[in-house]
Amino acid sequence: MLRAVRSRPRRRARPRAAAAVAAVLTATLFTPVLGASPAAADSDPSPVRVNQIGYLTAADKIATVVAAPTSPLAWQLRDAAAGALVASGTTRVYGDDLASGDHVHQADFSSVTRPGDYRLTVEGAGTSVPFAIRNTALYPRLGHEGMQYFYFHRMGTPVEGRYLQSGAHAHAALHPGDASVPCYDNWCGGERLNVAGSWADAGDFGIYPVNHAISAWTLLNLYERDPAAYGDGSLSLPERGNGRPDILDEVEYGSRFMSGMLPATGLASHKVHNHTWSAFPVTDIDAENALARSAMPPSTNATYAVARTNAQLARVLRQYDPARADELWASARTAWQRAEAQPDVDYATDSDAEGGGDYPDGKNSDDRYAAAAELYLTAHQRSDGAAAGYRSAVTGSPHYGQVGQFDWAEVATAGTLSLLTVAADLPAADTARMRGNVTAFADSAVTTLNAEGYPSLIPGSAPYPWGSNSFIVNRMLLLGTAHDLTDDIRYLKAMHRGMDYLMGTNAMRLSYVTGYGEYAESDLHDRIAWGAYPATPYPKGWLSGGPNNENINDPATPTGRPAAKSYAGPGTAPEAWGSKENTVNWNAPLVWTATYLDRTADRLTAGEPQPGAQLLSQGRPAWASSSENGGLTPQLAVDGRDDTRWSSAFRDDQWINVDLGTSRSVSRVVLKWEAAYARSFRLQISDDPGFGTWTDLYATSGGTGGTRSLDVAGQGRYVRLLGETRATPYGISLHEFQVYGR
């Protein structure tokens, strides 16, 4: 049964001074800049709504058409450049769509699998924007760009232009004074808290453990499911090249404040923020940093949030930084003990200053379960004697195994997904039940999707909540997990249809992801980015909150409209926090889903869906018999880039080896040779890093270079390419050495 979508109250009324500032901005900053793309500040004028980026060759391809007729309409798919007819058919009349109020048809052209660029024309309705059908990933950079959101919103350190999409967004450190903040109304007895090292939560500069916890969990769950996704050097960060995956560097930085939310005794502060709302936009960092700022009173939920985030971080960092992992583990255990001692202290929303969101939550049992799950898994990893106690807290919870809609306030599902991701000693029957709960919820999401006029994963029969797009991407995350558990291609197809909604097949006629699509959202509720807008575009890869008619408390999000149209228009970002906000807990699941779709793209390409292979080698440790020079190292052959390469010394019998991290079933190897390739080579697999015992996956004496995709079959942790004979006087050189499997 679908959980009722939950409201996300974020703000009380803004102070008049802030509203006055925003009114001035409305008058002076909403004028389009000469030369700016008019489409960037507008919506798609065509009633034929498609994914503005495109579709994979074997994915479902269904356009939504707004049209009044009650009988089917003829459609034609044509080559976008030449106009040649490729396919034709008639629409299915869906009728009145409850979520939008539109009368819609659906045009299904899924049978078209030929890659190309197309337009869809529907008789009497119009023609779509151009879009692609591809047999390669549609969003290869979206995950990386989505991850840049977190560096952009770091506080406590200068944000440098060299790590940003645009140097115009660089700025001095925000709130470096967070290393010593007082407790509001002296609730912690004169103590000052060190909460340095954080991400700005959303449109404001508050830091909130309950919201941070679900954001950090989402990125760490991505890492624990796919450790190679964002390896060292893959992201634009100051920490790149430090020997640990960049995704962990980013989450570790943004989570440093969590331990500091704990005073010397008692529960953690529920939140830290200013005493008044910040200016919009912030153009004077010194003035912003001079605002009074305090740690607000404590709550049980915040304390469990500290426990679960630090426990998960301690688990993933242990192999890279054991000392830091030990510190985090001690903090997690302390937070757990304090929450257990005061298990039902809810945050009093009338006990704080004005300048931050409330994050009220009157239920603590799900927070306790999610924290217990992370503590149990980490204790089990460390062979800590406390593991049995945490395990009992997990299995004795009323939420044990629960799977459903989740967000910052409903976190039981996060605990269950961690239990399904990380090795543990739970009964096999319990694990099977949890898997069944994942697929049952995924089935309900597919049912919802198929019942809607637009490809929305949330039902139009209920109001759309604050951050409706985050509810959609969180359901996409669950669909991806279900696909991993079952190989059922329906779930992967439904994920792609969810992305169709975000990329333009929706009632607002625009892509909700900045920088993606001809008609894409271009201005969101962000105090830093707005300060450079519109001369400097918002960075690519930010997810807008989306339509919201459940809890409208801003002056820009329209009232009295259908759920899917309760969304503020272009240029309204300063006053549209209810629908155009961007937040850490919305971009985190966007990163998860975009990364998953990128790394599973081959399962929906080249004809029939292929359920098997994941890219296992990208970002994994690699070493070689030799390197031509210090700039052509083996790690460059597994970095996911075609403009870098490894090259060996100029002799025969050279090899490169990649460590998959654990023994895996390997089904395909892709070799992207540089001009210097091997005429005779072998692909080998082993569980022995020295290859004392090995199995040939493939051998040839007639190599031709170029890009080779080789179907293989074998089991092992280490995969080696052995170049026995060179084809040129140089060594052998690979742009990419890609190993796929399960």
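Visitor: How should the overall build of the chain be read in this particular structure?
Guide: Counting secondary structure elements, the chain contains 16 helices and 24 strands. Its C-alpha atoms put the chain at 75 × 70 × 55 Å along the principal axes. Counting every position in the chain, which comprises 742 residues, the buried fraction comes to 59%. A separation threshold of at least 6 residues defines the contact pool for the chain, and within that pool the share at least 24 residues apart is 73%. As presented, the chain carries roughly 24,900 Å² of accessible surface, and 51% of it is formed by carbon and sulfur atoms. Taken as two groups, the 63 positive and 78 negative side-chain charges of the chain have centres that lie 3 Å from each other.

Visitor: Even after reading the chapter, I still don't get the environment of Y677, so can you show me in this structure?
Guide: Among the secondary structure elements, Y677 is positioned in the loop between strand 20 (654-673) and strand 21 (678-686). Look at Y677 and you get buried, because its relative accessible area is 14%. Expressed as a C-alpha distance, the spacing of Y677 and G661, which sit 16 residues apart in the sequence, is 27 Å. Setting aside residues up to four positions removed in sequence, Y677 forms contacts with G703, T704, G705, R726, A727, T728, G731 and I732.

Visitor: Help me understand the nonpolar core in this model?
Guide: The tendency in soluble globular proteins is for nonpolar side chains to be buried as a group. Core analysis: the largest hydrophobic core is formed by 157 residues, its most contacted members being L142, F150, L219, W336, L419, M476 and L479. If one sorts the elements of this core by residue count, helix 7 (residues 300-317) sits on top with 10 residues. If near-sequence neighbours (up to four positions away) are discounted, W336 is found in contact with Y304, A307, R368, A371, A372, L375, Y390 and A393. Counting 26 residues, the second largest nonpolar core, distinct from the first, contains A622, V666, F681 and F737.

Visitor: Looking at this structure, I do not really get unusual backbone geometry. What am I missing?
Guide: Across residues other than glycine, the phi torsion is negative in most instances, and most of the peptide bonds are trans. The omega torsion across F280 and P281 is 0°, close enough to zero to call that bond cis. By the secondary structure assignment, P281 is in the loop between strand 15 (272-274) and helix 6 (285-289). Positive phi values are uncommon outside glycine, yet R509 reaches one of about 65°. Inspection of the secondary structure puts R509 in the loop between helix 14 (489-502) and helix 15 (529-532). A residue is classified by how much of its surface remains accessible, and R509, at 28% relative accessible area, is partly exposed. You will see that D653, though not glycine, has its phi angle at about 55°, which is positive.

Visitor: I would appreciate a short explanation of the environment of L313 in the present structure.
Guide: Note on placement: L313 falls in helix 7. For L313, a relative accessible area of 1% translates into the label buried. When the C-alpha positions of L313 and W217 are compared, they lie 9.0 Å apart, and in sequence the two are 96 residues distant. Excluding its chain neighbours within four sequence positions, the residues that come into contact with L313 are L220, V251, E252, S255 and L328.

Visitor: Please clarify how helix 2 (residues 142-152) should be interpreted in this entry.
Guide: Side chains that are three or four residues apart share a direction in an α-helix, a result of its 3.6 residues per turn. Burial analysis of helix 2 places 10 of its 11 residues in the buried class, the great majority of the element. Listed as buried for helix 2 are L142, G143, H144, E145, G146, M147, Y149, F150, Y151 and F152.

Visitor: Whenever I open this one, the packing of helix 8 (residues 322-341) against helix 9 (residues 365-382) confuses me. Can you help?
Guide: Relative orientation and spacing of two packed helices are given, respectively, by the angle between their axes and the distance between those axes. Running from N to C, helix 8 and helix 9 cross one another at 140°; their axes reach a closest spacing of 11 Å. Our classification of the angle between helix 8 and helix 9 gives oblique. Crossing of helix 8 against helix 9: the hand is left-handed. On helix 9, the residues touching A325, D326, W329, A332, R333, W336 and E340 of helix 8 are R368, A371, A372, L375, T378, A379 and R382. Looking at the contact of helix 8 with helix 9 residue by residue, the class counts come to 8 nonpolar, 1 polar and 5 charged.

Visitor: Looking at this structure, I do not really get the sheet that holds strand 7 (residues 103-108). What am I missing?
Guide: Across a sheet, strands are paired by hydrogen bonds formed along the backbone, either parallel or antiparallel in direction. Read across the sheet, 4 strands follow the order 1-3-7-6 without closing on themselves; strand pairing throughout is antiparallel. Bordering the open sheet on either side are strand 1 (48-49) and strand 6 (92-96), each of which pairs with just one other strand. As paired strands, strand 3 (residues 62-66) and strand 7 are joined by 5 bridges and run antiparallel to one another. Across the sheet, A63 pairs through a bridge with A107, a residue of strand 7.

Visitor: Sorry, what's going on with the pairing of strand 3 here?
Guide: Every other side chain in a regular strand lies on the same face of the sheet, so the side chains alternate between the two faces. With 4 of its 5 residues buried, strand 3 lies for the most part within the structure. Across 2 bridges, the pairing between strand 1 and strand 3 is antiparallel. What sits directly across from R49, in strand 3, is T64.

Visitor: Looking at this structure, how should I read the side chain of Q738?
Guide: Mapped onto the elements, Q738 comes out in strand 24 (residues 733-741). Owing to a relative accessible area of 9%, Q738 belongs among the buried residues under this scheme. Setting aside chain neighbours within four positions, we find Q738 in contact with L615, S617, R668, V669, V670 and K672.

Visitor: Whenever I open this one, the packing of aromatic side chains confuses me. Can you help?
Guide: A ring pair, where both rings are aromatic, is described by two values, the distance of the centres and the angle of the planes. Inspection of every chain in the model, using the stated rule, returns 26 aromatic pairs. The interplanar angle of 50° and the centroid separation of 4.7 Å between the aromatic rings of F150 and W199 together place this pair among those described as tilted. Pair noted here: F150 is in helix 2 and W199 is in strand 14 (residues 198-199), with a separation of 49 residues, a long-range link. Members of the aromatic cluster, connected to one another through ring pairs, are Y149, F150, F152, W199, F280, W530, Y533, Y538 and W542. In this structure, K540 packs its charged tip against the face of Y516, placed 5.0 Å from the ring centre. Above the plane of the ring of Y740 lies R668, whose end atom (NZ or CZ) is 4.4 Å from the centre.

Visitor: How should the side chain of S278 be read in this particular structure?
Guide: Within the fold, S278 resides in the loop between strand 15 and helix 6. The exposure class assigned to S278 is buried, which follows from its relative accessible area of 4%. Within the structure, the side chain of S278 is placed 3.1 Å from the side chain of N274, a separation counted as a polar contact. Residues contacting S278, with those up to four places away along its chain left out, are F205, E288, L291 and R527.

Visitor: Teacher, can you tell me more about the confidence of the model for the chain here?
Guide: The predicted coordinates of low-pLDDT regions are not to be read in fine detail. With 93% of its residues at a pLDDT of 70 or more, the chain has an overall mean of 91. In the predicted structure, residues 1-41 sits below a pLDDT of 50 and forms 96 contacts with residues beyond four places in sequence or in another chain. The low-confidence segment residues 607-611 (pLDDT under 50) makes 13 contacts with residues lying over four places distant or belonging to another chain.

Visitor: Can you walk me through the pairing of strand 4 (residues 74-79) in this structure?
Guide: In this structure, strand 4 lies alongside strand 5 (residues 85-90), joined through 5 bridges in antiparallel fashion. Bridging from a neighbouring strand, W75 pairs with G89 of strand 5.

Visitor: Looking at this structure, I do not really get the pattern of salt bridges. What am I missing?
Guide: Side-chain pairs of opposite charge can arise whenever the charged atoms involved come near each other. As enumerated under the stated definition, the model contains 40 salt bridges in all. Here R162 ties to E160 by a salt bridge, and the two come within 2.9 Å at their closest N and O atoms. A salt bridge links D321 to R244; the nearest nitrogen and oxygen atoms lie 4.0 Å apart. Separated by 77 residues along the polypeptide, D321 in the loop between helix 7 and helix 8 and R244 in the loop between helix 3 (209-225) and helix 4 (246-254) bring together distant segments of the chain. Classification of D321 as partly exposed rests on a relative accessible area of 26%. Given a relative accessible area of 12%, R244 falls into the buried group. Where salt bridges share partners, they join R244, D249, E252, R256, D321, R324 and E327 into one cluster.

Basis of the calculations
Residues numbered from 1 in each chain as written. Predicted model: local features only at pLDDT ≥ 70, side-chain atom pairs only at ≥ 80, totals over all residues. Heavy atoms only, no water. Helix = DSSP H or I, 4+ residues; strand = E, 2+ residues; numbered from the N terminus. Buried < 20%, exposed > 50% of the residue type's maximum accessible area, 1.4 Å probe, protein only. Contact = heavy atoms within 4.5 Å. Areas by Shrake-Rupley, 256 points an atom, 1.4 Å probe, with all protein chains shown as cover. Lys, Arg positive; Asp, Glu negative; His and termini not counted. Charge placed at Lys NZ, Arg CZ, Asp CG, Glu CD. Core = buried A, V, L, I, M, F, W, Y, C linked by side-chain atoms within 4.5 Å. Axes fitted to C-alpha atoms, helices over the stretch in contact; angles between N-to-C directions. Parallel < 35°, antiparallel > 145°, perpendicular 65-115°, else oblique. Left-handed = near helix turned anticlockwise from the far one by under 90°. Nonpolar A, V, L, I, M, F, W, Y, C, P; charged D, E, K, R; others polar. Pairing = 2+ DSSP bridges. Phe/Tyr/Trp six-rings, centres within 6.5 Å; stacked < 30°, edge-to-face > 60°. Lys NZ or Arg CZ within 6 Å of the ring centre and 35° of its normal. Polar contact = N/O pair within 3.5 Å; in protein donor to acceptor, adjacent residues only side chain to side chain. pLDDT = per-residue confidence, 0-100. Salt bridge = Lys/Arg side-chain N within 4 Å of Asp/Glu carboxyl O.

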